[in-house]
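Given next are the chains, with one letter for each unit.
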Amino acid sequence: MSWTDERVELLKKMWGEGQSASQIAKELGGVTRNAVIGKVHRLGLSNRATTSTKAATEPKEKPAPKPKVQPKTEPARPITPQATTPAATTSAQPKPPVPARKQIIPAGQPLPPQPSANEISPEALAKVNEVEKKAKRLTLMELTERTCKWPVGDPATEDFWFCGLPVKQGKPYCEAHVGVAFQPMSSRRERKR
């Protein structure tokens, strides 16, 4: 089926009259509802004011405007304790505490001290500090499979970078960062005691 000029004109006429895509497809024959919708969009006819011709021809009556009522102003009266209701007094009682949830820290804010930082040996930390002075300070786009992917700093700031030194065989980090990231279970257990 091809869209001849006559079929396009009939489509435009029926669409303008508010006919549905299914009705137009039946009238045209040999075309699906989706094909009609696609053609309508390609012709730029998709915006029509109403979906039916009846609604477009009948004028709507405007409701009569309501007269504006001025609110009465009364002098303020002091609230006395005798005027309170029992329901009001029960709502003033303290509510039970809400259980604590994990704190969400917004981007750019420093993280609180992590418990795992206390578990790292001082020798490993000293080695990491020395290595980070020699680091290549790569961005995410500069990382390769042969560069250390250890993140340094806060990702929400411009001061964030990756180590970038050569990786240890089979690991994603350099030798110093592997010493911090992959610790034997026995040494971790001993430090917790």
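Calculation notes
Residues numbered from 1 in each chain as written. Predicted model: local features only at pLDDT ≥ 70, side-chain atom pairs only at ≥ 80, totals over all residues. Heavy atoms only, no water. Core = buried A, V, L, I, M, F, W, Y, C linked by side-chain atoms within 4.5 Å. Buried < 20%, exposed > 50% of the residue type's maximum accessible area, 1.4 Å probe, protein only. Helix = DSSP H or I, 4+ residues; strand = E, 2+ residues; numbered from the N terminus. Contact = heavy atoms within 4.5 Å. pLDDT = per-residue confidence, 0-100. Lys, Arg positive; Asp, Glu negative; His and termini not counted. Salt bridge = Lys/Arg side-chain N within 4 Å of Asp/Glu carboxyl O. Phe/Tyr/Trp six-rings, centres within 6.5 Å; stacked < 30°, edge-to-face > 60°. Axes fitted to C-alpha atoms, helices over the stretch in contact; angles between N-to-C directions. Parallel < 35°, antiparallel > 145°, perpendicular 65-115°, else oblique. Nonpolar A, V, L, I, M, F, W, Y, C, P; charged D, E, K, R; others polar.

Colleague: Which residues make up the nonpolar core, and what values do they have?
Modeller: Within the largest apolar cluster, 15 residues are counted, with the highest numbers of intra-cluster contacts made by Val131, Cys148, Trp150, Cys163 and Cys174. Mapped onto this core, the elements with two or more residues apiece are helix H7 (122-134) and helix H8 (175-181). Leaving out residues up to four positions away in the same chain, Trp150 has contacts with Glu132, Trp161, Phe162, Cys163, Tyr173, His177, Val180 and Ala181.

Colleague: Please provide a residue-by-residue account of helix H3 (residues 33-43), values included.
Modeller: Of the residues making up H3, those classed as buried are Val36, Gly38, Lys39 and Val40. Those residues of H3 hidden inside the fold are in contact with helix H1 (5-16) and helix H2 (21-28). In the segment just after H3, Gly44 is the residue with positive phi, at about 80 degrees.

Colleague: Just give me the short version of the confidence of the model for the protein chain, but keep the residues and values in it.
Modeller: In this model, the protein chain carries a mean pLDDT of 76, and residues with pLDDT of at least 70 account for 57%. The spread of mean pLDDT over the elements of the protein chain runs between helix H4 (residues 53-57), the lowest at 50, and strand E2 (residues 161-162), the highest at 92.

Colleague: Break down the side chain of Glu132 for me, with residues and values.
Modeller: Note on placement: Glu132 falls in helix H7. Here Glu132 sits buried without a salt bridge, and the closest side chain of opposite charge, Arg137, lies 7.5 Å off (N-O distance).

Colleague: An account of unusual backbone geometry is requested, with residue identities and associated values reported.
Modeller: In this model, Arg137 sits at a positive phi of 55 degrees, which is unusual for a non-glycine residue. Classification of Arg137 by relative accessible area gives partly exposed; the value is 48%.

Colleague: With reference to specific residues and values, describe the packing of aromatic side chains.
Modeller: Under the criterion given, the structure shown has two aromatic pairs. Between the aromatic rings of Phe160 and Phe162, the centroid separation amounts to 5.1 Å while the plane-to-plane angle is 75 degrees, which identifies the pairing as edge-to-face.

Colleague: Hey, could you go over the environment of Lys134 for me, with residue numbers and the actual values?
Modeller: Summarising the element assignment, Lys134 is placed in helix H7. Residue classification places Lys134 among the exposed residues on the basis of a relative accessible area of 60%. The spatial distance from the C-alpha of Lys134 to the C-alpha of Gly164 is 9.6 Å, given a sequence separation of 30 residues.

Colleague: Could you give an account of the packing of H1 against H3, naming the residues involved and the relevant values?
Modeller: Running from amino to carboxyl end, H1 crosses H3 at an angle of 90 degrees, the nearest separation of the two axes being 11 Å. It follows that H1 is roughly perpendicular to H3 by the angle criterion. Here H1 contributes Val8, Leu11, Lys12 and Trp15 to the contact with H3, which in turn contributes Val36, Lys39, Val40 and Leu43. Broken down by class, the residue content of the contact of H1 with H3 amounts to six nonpolar, no polar and two charged.

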